[in-house]
Amino acid sequence: NRTPGVFAAVALGAFIAVGLLYSWTRPPVCDEAYYAAPGRDLSENGSMGSPLLYSPGVKKFTRIEQNTYWTMPGSTIVQAFWYRLFGTSLFSLRCISVLAGAVILLSWAYLFRQLLGAFAATTATVLLAFEFSLLNVATVGRADALGFAFAAPALAVYWRFRQSNLFLALAGGNLLVALAAMTHPLAGIGGFIGLAVLFFNGARETFRPVHLTAIATPYAIVGGSWLMYVLQDWDAFKAQFIENLRDRQTGRLGLVAITGEAKRYLEAFGFSPSMNPAHRVRLIQLFPVVAGFGLLVIRAFGDRF
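Note that this is a predicted model, so its numbers are computed, not measured. (Residues numbered from 1 in each chain as written. Predicted model: local features only at pLDDT ≥ 70, side-chain atom pairs only at ≥ 80, totals over all residues. Heavy atoms only, no water.)

Counting secondary structure elements, the protein chain contains 13 helices and zero strands. Overall, the protein chain shows an N-to-C arrangement of helices and strands of α-α-α-α-α-α-α-α-α-α-α-α-α. Within the protein chain, buried positions represent 44% of all 305 residues. Contacts in the protein chain between residues at least 24 apart in sequence constitute 71% of all its contacts with a sequence separation of at least 6. Summed over all atoms, the accessible surface of the protein chain reaches about 16100 Å², with 69% contributed by carbon and sulfur. (Helix = DSSP H or I, 4+ residues; strand = E, 2+ residues; numbered from the N terminus. Buried < 20%, exposed > 50% of the residue type's maximum accessible area, 1.4 Å probe, protein only. Contact = heavy atoms within 4.5 Å. Areas by Shrake-Rupley, 256 points an atom, 1.4 Å probe, with all protein chains shown as cover.)

Next up on the list: empty space enclosed by the protein. Overall, the coordinates contain one cavity of 30 Å³ or more when judged by the stated rule. Of the voids in this model, the largest cavity is the one considered here, and its volume is about 50 Å³. S75, Q79, L93, I96, S97, G141, R142 and L146 are the residues that line the largest cavity. Of all elements in the fold, only α3 (74–86) and α4 (90–116) reach the threshold of two or more residues within the lining of the largest cavity. In terms of residues, the lining of the largest cavity owes the most to one element, α4, which gives three residues. (1 Å grid on protein atoms, 1.4 Å probe; cavity = no way out; pocket = protein on both sides within 12 Å on 5 of 7 lines; lining within 4 Å. Points joined across faces, edges and corners; volume = space filled by probe spheres on them.)

Further remarks concern the packing of α4 against helix α5 (residues 118–129). Orientation of α4 relative to α5, taken along the N-to-C sense of each, is 155°, at an axis distance of 7 Å. As summarised for this structure, α4 and α5 are arranged roughly antiparallel, according to the angle between their axes. Two packed elements cross with a definite hand, and for α4 against α5 that hand is right-handed. Contacts from L105, W108, A109, F112, R113 and L116 of α4 reach α5 at A118, A120, A121, A124, T125, L128 and A129. (Axes fitted to C-alpha atoms, helices over the stretch in contact; angles between N-to-C directions. Parallel < 35°, antiparallel > 145°, perpendicular 65-115°, else oblique. Left-handed = near helix turned anticlockwise from the far one by under 90°.)

With that out of the way, let us pick up the pattern of salt bridges. Scanning all chains against the criterion turns up six salt bridges. The closest approach of N and O atoms between R94 and E32, which form a salt bridge, is 2.7 Å. One end of the pair, R94, is in helix α4; the other, E32, is in helix α2 (residues 30–45), with 62 residues separating them in the sequence. The pair R94 / E32 is uniform in exposure class, with both members buried. When the shortest N-O distance is used, the salt bridge between R40 and E44 registers 3.1 Å. Placement of the pair is R40 and E44 together in helix α2, with a separation of four residues, close to one helical turn. According to the relative accessible area criterion, R40 is partly exposed, its value standing at 45%. (Salt bridge = Lys/Arg side-chain N within 4 Å of Asp/Glu carboxyl O.)

One can find H211 in helix α10 (residues 211–230). Relative accessible area serves as the criterion here: at 9%, H211 is assigned to the buried category. Setting aside its immediate chain neighbours within four residues, H211 contacts L166, F167, L170 and T206.

This brings us to the packing of aromatic side chains. Summed over the entire model, instances satisfying the criterion amount to 11 aromatic pairs. Ring centres of W226 and F237 lie 5.8 Å apart, and the angle between their planes is 80°; on these two criteria the pair is classed as edge-to-face. Of this pair, W226 sits in helix α10 while F237 is found in helix α11 (residues 234–245), placing the two residues 11 residues apart along the sequence. Seen from the ring of F161, R160 lies directly overhead, with NZ or CZ sitting 4.8 Å from the centre. Geometry around W159 places R162 over its ring, the cationic atom sitting 3.7 Å from the centre. (Phe/Tyr/Trp six-rings, centres within 6.5 Å; stacked < 30°, edge-to-face > 60°. Lys NZ or Arg CZ within 6 Å of the ring centre and 35° of its normal.)

For helix α1 (residues 3–25), with 23 residues, the first-to-last C-alpha span of 33 Å sits near the 33 Å given by 1.5 Å per residue. Within α1, the full set of buried residues consists of P4, A8, A11, L12, F15, G19 and S23. Residues of α1 that are buried in the fold lie against α4, α5 and α6 (132–137). (Expected span 1.5 Å × (residues − 1).)

Along the chain, the position of T139 falls in the loop between α6 and α7 (144–161). Accessibility expressed as a relative area gives 0% for T139, which makes it buried. A polar side-chain atom of T139 sits 2.9 Å from a polar atom in the side chain of R26. A polar contact is formed between the side chain of T139 and the backbone oxygen of N136, at a distance of 3.2 Å. Residues contacting T139, with those up to four places away along its chain left out, are G19, Y22, S23, R26, E32, R94, S97 and V98. (Polar contact = N/O pair within 3.5 Å; in protein donor to acceptor, adjacent residues only side chain to side chain.)

What follows is the structure, given as structure tokens:
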């Protein structure tokens, strides 16, 4: 029966079409200029500065016109290649996010099909394709969508090869998670947790010490490359990166900053004090992902409780 696949393909096509239209018409966001600047600098000059944020005397902007450390470099590098191919513009920048959103949808559709069947995959794809938060993130020139466009395929790649070649599954999955972390830290965290849950769904019985190499090598290569860039100006890195880690409301680090970021995601689903509780109806569209993840956790760890 090809009907579920047809519905999923139509939903994906509609998502891309609406995403491109919304990207063309929605007003600019200040973050887009901040994120686009180092990518354009890398594309045109071979450096990764953020000249738009240059403010002499402000510690958190230390030598920011020369090196960008306030954000991870993944989005900047992708932008530089993209601009060489398609030119530099606001719409061009947003198209990266639209395509990233499509990759996220395809990855989740594959996982749901493998785990729960064609009907569940189609239902999840349709619901997510018209989920406002995903569409909103996938039509703005920030690193969020691109980060999760690395994290979601990491799970799909791992699941595809876990039985035929566990080494390849772990290497491919963790490489994509490492790239996700280099694009947006929360995407890396989410991808790593997802991989761990999938791993405990059967692969732990066939795990051997040699598989540790498949896990560690991607992080060593990707992390080592970033470290080389960080060491070019350690003082600027500390000034820019640490300040950007602080909670927006309290200026504090650690758990306070993490919970502060979590609140921002809850607000997207109607939990902001200024929002009408009716906005929480958006949780219906988030349900497939939460339910699917919950089923994986139960399958992975249920025998231990």
